[in-house]
Amino acid sequence: MSLVQFAVLFLFLVGFVSVWYLFNYFFGPRMDDPDGYARVAGNCGDTMEIGFKVEQGRITRTHHWTDGCSVSGQCVESAARLAMDKKPEELEKITMISIMDQVGQLPDTHLHCAQLAETTLHKALADYRKKETLSIK
Ligand code: FES
């Protein structure tokens, strides 16, 4: 492979990944007016987002998003999946351990992905409680 061919291939791959990222970022599914929502950036620079809707005391829909690596994606998706059909107060019991039980063995370098997913879920719960308190008063 010549240097020109390598450069063309490299630019094609960079372009493909950039388009995929931008498409996913701007056109990824969003949740309108979630009952609980959090967007948290971790120390690694990755951001996670979780939102959920509550109907008749149970979480009936969830939304998740991250701009992080595949492990981040698996962790935030697992956190959102674990939240489904739960009562909001049950979200407190979802920890990085329960997320890792779903995702499987994580490398030591990516344990913080499960921690960030737990933090994001719990902040979404805090947002839900804050909205509930405001709506009661
Ligand atoms: Fe940053 Fe996973 S590498 S959350």
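For the structure, see preceding data.
Residues numbered from 1 in each chain as written. Predicted model: local features only at pLDDT ≥ 70, side-chain atom pairs only at ≥ 80, totals over all residues.

Next up on the list: helix α2 (residues 70-83). Between its first and last C-alpha atoms α2 spans 20 Å; for 14 residues at 1.5 Å apiece the expected length is 20 Å, and the two agree. A large share of α2 lies buried, amounting to 10 of its 14 residues. When α2 is considered as a whole, its buried residues turn out to be Val71, Ser72, Gln74, Cys75, Val76, Ser78, Ala79, Ala80, Leu82 and Ala83. On the buried face of α2, the contacting elements are β2 (47-55), β3 (58-66), α3 (96-103) and α4 (111-136). Two residues or fewer past α2, Asp85 is found with a positive phi of approximately 70°. (Helix = DSSP H or I, 4+ residues; strand = E, 2+ residues; numbered from the N terminus. Expected span 1.5 Å × (residues − 1). Buried ≥ 20, exposed ≤ 12 C-beta atoms within 10 Å, placed from the backbone. Contact = placed C-beta atoms within 7 Å.)

We now examine α4. Its 26 residues give α4 an end-to-end C-alpha distance of 38 Å, which sits within 8% of 38 Å, the value for a rise of 1.5 Å per residue. The set of residues buried in α4 consists of Cys113, Ala114, Leu116, Ala117, Glu118, Thr120, Leu121, Ala124, Leu125 and Tyr128. Along its buried surface, α4 packs onto β1 (36-41), β2, α2 and α3.

Further remarks concern the nonpolar core. One finds Ile50, Cys75, Ala79, Ala83, Ile99, Ala117 and Leu121 to be the most contacted residues of the largest nonpolar core, which totals 26 residues. If you tally residues by element for this core, the top one is α4, at 8 residues. Leaving out residues up to four positions away in the same chain, Ile50 has contacts with Ala38, Thr62, His63, His64, Val76, Ala79, Ala80, Thr120, Leu121 and Ala124. (Core = buried A, V, L, I, M, F, W, Y, C linked by C-beta atoms within 7 Å.)

This next bit is on the packing of α2 against α3. For the pair α2 and α3, interaxial distance at closest approach is 9 Å and the crossing angle is 105°. The orientation of α2 with respect to α3, classified from their angle, is roughly perpendicular. Contact residues: Gln74, Cys75, Ser78, Ala79 and Leu82 in α2; Ser98, Ile99, Gln102 and Val103 in α3. Here the residues of the contact of α2 with α3 sort into 5 nonpolar, 4 polar and no charged. (Axes fitted to C-alpha atoms, helices over the stretch in contact; angles between N-to-C directions. Parallel < 35°, antiparallel > 145°, perpendicular 65-115°, else oblique. Nonpolar A, V, L, I, M, F, W, Y, C, P; charged D, E, K, R; others polar.)

Any functional reading would require information beyond the geometric quantities listed.
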